[in-house]
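Descriptive structure summary
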Amino acid sequence: MWRLMGHKWEERSFYSYRPVRPSDLEILERIHGDIFPIRYESEFFQNVVHGRGIVSWAAVDHSRDDGRSDELIGFVTARVVLAKDSEIVDLLNYNSADTEWSLVYILTLGVIDSYRNLGIASSLILEVIKYASSIPTCQAVYLHVISYNIPAMHLYKKMSFKCIRKLPGFYLIDGQHYDSYLFVYFVKGCRSPCSPLKLLMVVMRYIRIGFQSITAKLWNDERKVGRWSRCKEAHSLI
Ligand code: ACO
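Here goes a summary of the coordinates provided. Everything quoted here is computed from the prediction, not taken from an experiment.

Reading guide: rules and limits
Residues numbered from 1 in each chain as written. Predicted model: local features only at pLDDT ≥ 70, side-chain atom pairs only at ≥ 80, totals over all residues. Heavy atoms only, no water. Near = heavy atom within 4 Å. Polar contact = N/O pair within 3.5 Å; in protein donor to acceptor, adjacent residues only side chain to side chain. Areas by Shrake-Rupley, 256 points an atom, 1.4 Å probe, with all protein chains shown as cover. Helix = DSSP H or I, 4+ residues; strand = E, 2+ residues; numbered from the N terminus. Salt bridge = Lys/Arg side-chain N within 4 Å of Asp/Glu carboxyl O. Buried < 20%, exposed > 50% of the residue type's maximum accessible area, 1.4 Å probe, protein only. Axes fitted to C-alpha atoms, helices over the stretch in contact; angles between N-to-C directions. Parallel < 35°, antiparallel > 145°, perpendicular 65-115°, else oblique. Left-handed = near helix turned anticlockwise from the far one by under 90°. Contact = heavy atoms within 4.5 Å. Nonpolar A, V, L, I, M, F, W, Y, C, P; charged D, E, K, R; others polar. Arc of directions from axis to C-beta.

A few points about the site of the ligand
Around the ligand sit 22 residues in total, of which Leu109, Asn117, Gly119, Ser122 and Asn149 are the nearest. Leu118 is positioned with one of its backbone polar atoms (N or O) 3.2 Å from an oxygen atom of the ligand. Between the ligand and the protein, one listed contact pairs an oxygen atom with a side-chain N or O atom of Lys158 at 3.1 Å. Starting from 970 Å² of accessible surface for the ligand in isolation, the protein chains cover 76%. Mapped onto the shell around the ligand, the elements with two or more residues apiece are strand 6 (102-111), helix 3 (120-133) and helix 4 (150-158). The element best represented in the shell around the ligand is helix 4, accounting for six residues.

Quick notes on the pattern of salt bridges
All chains considered together, the criterion is met by 10 salt bridges. Between Asp66 and Arg64 there is a salt bridge; the shortest N-O distance is 3.4 Å. For Asp66, a relative accessible area of 42% corresponds to the partly exposed category. Asp113 is paired through a salt bridge with Arg116; the nearest N and O atoms lie 3.3 Å apart. For Asp113, a relative accessible area of 62% translates into the label exposed. Linked by salt bridges that have partners in common, Arg18, Arg21, Asp24 and Asp70 make up one network.

Side note on the packing of helix 1 (residues 25-35) against helix 2 (residues 42-49)
Viewed as axis vectors pointing N to C, helix 1 and helix 2 meet at an angle of 130°, and their least axial separation amounts to 10 Å. Considering their axes alone, helix 1 and helix 2 lie oblique with respect to each other. Taken as a pair, helix 1 and helix 2 cross one another with a handedness that is right-handed. Across the interface between the two elements, Leu25, Leu28, Glu29 and His32 of helix 1 pack against Phe44, Phe45, Gln46, Val48 and Val49 of helix 2. Residue composition of the contact of helix 1 with helix 2, grouped by class: six nonpolar, two polar and one charged.

Describing helix 4
If you check which residues of helix 4 are buried, you get Ala152, Met153, Leu155 and Tyr156. When helix 4 is viewed along its axis, its buried side chains cluster within an angular range of 160° and face the same direction. More than 90 degrees from the buried face of helix 4, the exposed residues found are Pro151, His154 and Lys158. Turning to helix 4, the residues buried within the fold contact strand 6, helix 3, strand 7 (138-146) and strand 9 (176-186). Sitting at the head of helix 4, Asn149 places a side-chain oxygen 3.2 Å from the backbone nitrogen of Ala152. Taken from the residues just after helix 4, Ser160 is the one with a positive phi, measuring 70°.

In structure tokens:
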């Protein structure tokens, strides 16, 4: 971002990202109250600031000279969940015989009005993606967005999240139901079953099975007619 420093315009990043701390409690609650239509329990905020089952990043503007350079201007909160217990288990390369796969679920993301469109939410999402990528068992980051939140949907699409499904009436706010969209970002090359890589693997598997059954048929025919005995060895190598 460009800012006038003395007589010169300089491009610098004025924002830094750190975990949310207990001293952020009041402002964290205030911003959530200001920007979300849903009310969160005070237990949620306690869990965020104390890192109890929730990971979080705060954005601060360290160029502020009003003594508030460590004050939250944005945040993201997330939780690690078991893939097998999640609603997107059907989308994963999930094999129950394998490791306990996990996912990172974004709970809340917000930036205060005066700091929007400066790339802060994008940076916060990148922090979450980096964190998810550092967990060996993590397959994806996912979240829900209320259907009328166009800026958030643009943002997630820009960050390469895929809109996977629509959940009719998912949210109940002031007695009214609202649809939600489910967005997923697959980490470390994990893909949904419909990805090109997965499709290629499926095609390869069918080709191999087809090839094996042709070979088996030839082998049976060979046994029937009692010839081409050397093919037997070749078959065992396929
Ligand atoms: N209209 C359309 N797209 C927008 C808008 C807008 N008014 N504002 C941001 N975007 C999208 C665009 O794709 C934009 O990309 P571009 O700059 O290349 O055009 C991108 O967001 C910019 O991203 P950032 O600057 O990183 O986003 P920002 O810091 O402004 O924060 C956010 C975006 C978090 C959605 C902010 O507007 C906000 O706090 N809104 C209220 C709370 C909210 O909706 N949170 C997300 C709910 S979903 C959840 O919490 C899981």
